[in-house]
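Below are the chains, spelled out letter by letter.
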Amino acid sequence: MSTDAHEYKYPIPRTVPTDPPEEYARLRESKPVCPITLATGDPAVIVTRYSDIKTVLSDTRFSRSALFTPGAPRAQLAEPDQDSIISMDPPRHTKLRNLINRAFGPRRVAHMRPRMQSLTDELLDDMIKSEQRPMDLNEH
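Basis of the calculations
Residues numbered from 1 in each chain as written. Predicted model: local features only at pLDDT ≥ 70, side-chain atom pairs only at ≥ 80, totals over all residues. Heavy atoms only, no water. Helix = DSSP H or I, 4+ residues; strand = E, 2+ residues; numbered from the N terminus. 1 Å grid on protein atoms, 1.4 Å probe; cavity = no way out; pocket = protein on both sides within 12 Å on 5 of 7 lines; lining within 4 Å. Points joined across faces, edges and corners; volume = space filled by probe spheres on them. Core = buried A, V, L, I, M, F, W, Y, C linked by side-chain atoms within 4.5 Å. Buried < 20%, exposed > 50% of the residue type's maximum accessible area, 1.4 Å probe, protein only. Contact = heavy atoms within 4.5 Å. Pairing = 2+ DSSP bridges. Salt bridge = Lys/Arg side-chain N within 4 Å of Asp/Glu carboxyl O. Arc of directions from axis to C-beta.

Caption draft 1: Here's a closer look at unusual backbone geometry. Residue proline 11 is bonded to the preceding tyrosine 10 through a cis peptide linkage, with omega at 5°. Note that proline 11 resides in the loop between α1 (4–7) and α2 (22–30). Cis peptide bonds are those with omega within 30 degrees of zero, and the linkage from proline 90 to proline 91 qualifies with 5°. Of note, proline 91 is situated in the loop between α3 (50–58) and α4 (92–103).

Caption draft 2: Up close: the layout of surface pockets. For the largest pocket, the calculated volume is near 1,400 Å³. Around the largest pocket, the lining comprises 37 residues; the ones closest to its centre are Val56, Leu57, Ser63, Arg64 and Leu67. If you list the elements that add at least two residues to the lining of the largest pocket, you get β2 (43–47) and α3. Here the lining of the largest pocket gets 5 residues from one element, more than from any other, and that element is β2.

Caption draft 3: Representation of the nonpolar core in the model. By size, the foremost hydrophobic cluster in this structure holds 9 residues: Tyr8, Ile12, Tyr24, Leu27, Cys34, Ile36, Leu38, Ala44 and Ile46. Of all elements in the fold, only α2, β1 (33–37) and β2 reach the threshold of two or more residues within this core. Ignoring any residue separated from it by four or fewer positions in sequence, one finds isoleucine 12 in contact with Pro21, Glu23, Tyr24 and Leu27.

Caption draft 4: The pairing of β2, seen in detail. Only one face of β2 is buried: it carries Ala44 and Ile46, and the other face, with Pro43, Val45 and Val47, is open. With 5 bridges joining them, β1 and β2 adopt antiparallel strand pairing. Paired with threonine 37 across the strands is proline 43, a residue of β2. From the end of β1 to the start of β2, which pair antiparallel, there are 5 residues, and glycine 41 there has a positive phi angle of about 95°.

Caption draft 5: Seen up close, the pattern of salt bridges. Under the counting rule described, the total for this entry stands at 5 salt bridges. Put simply, arginine 26 and glutamate 23 hold a salt bridge, and the shortest N to O gap is 2.9 Å. Taken together, the positions of arginine 26 and glutamate 23, both in helix α2 and 3 residues apart, correspond to about one turn of that helix. Glutamate 23 gets classed as buried once you look at its relative accessible area, which sits at 19%. Of the charged contacts, one joins aspartate 59 and arginine 61 as a salt bridge, the two residues approaching to 2.5 Å between their closest N and O atoms.

Caption draft 6: Broad picture of α2. Buried within α2 are the following residues: Glu23, Tyr24 and Leu27. For α2, the arc enclosing every buried residue in end-on projection is 105°, short of the 170-degree limit, so these residues lie on one face. Exposed and facing more than 90 degrees away from the buried side of α2 are Glu22 and Glu29. For α2, the elements touching its buried residues are β1 and β2.

Quick look at the structure:
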């Protein structure tokens, strides 16, 4: 692998938390398929063009189950969960996704919206009433 793997480290830092790093646009123009070093120190490749990303996400040669082979590069220290839908390959992924799509289709979500809004309002009201500042959103 070239020395580029050490030039780019993933995750690429963000200057604005809500915007993708500007480096992605530069990579898309100059090195759309680029070797990188993951936070764990493992080598990997980042793709930045839509067509390449679409290929990686849809081509069976890029298996999600490969994450679980011994010695596979890790993007994080935590072991990925084999039972998470994002870690599954078809047909298992497809079967679960079809079930999830039915449960969270547009009509079903619209039906749940008033209850979700009520719960959100109640939780936010409780947070506003709290004296604790700053507040940990996950904790509360």
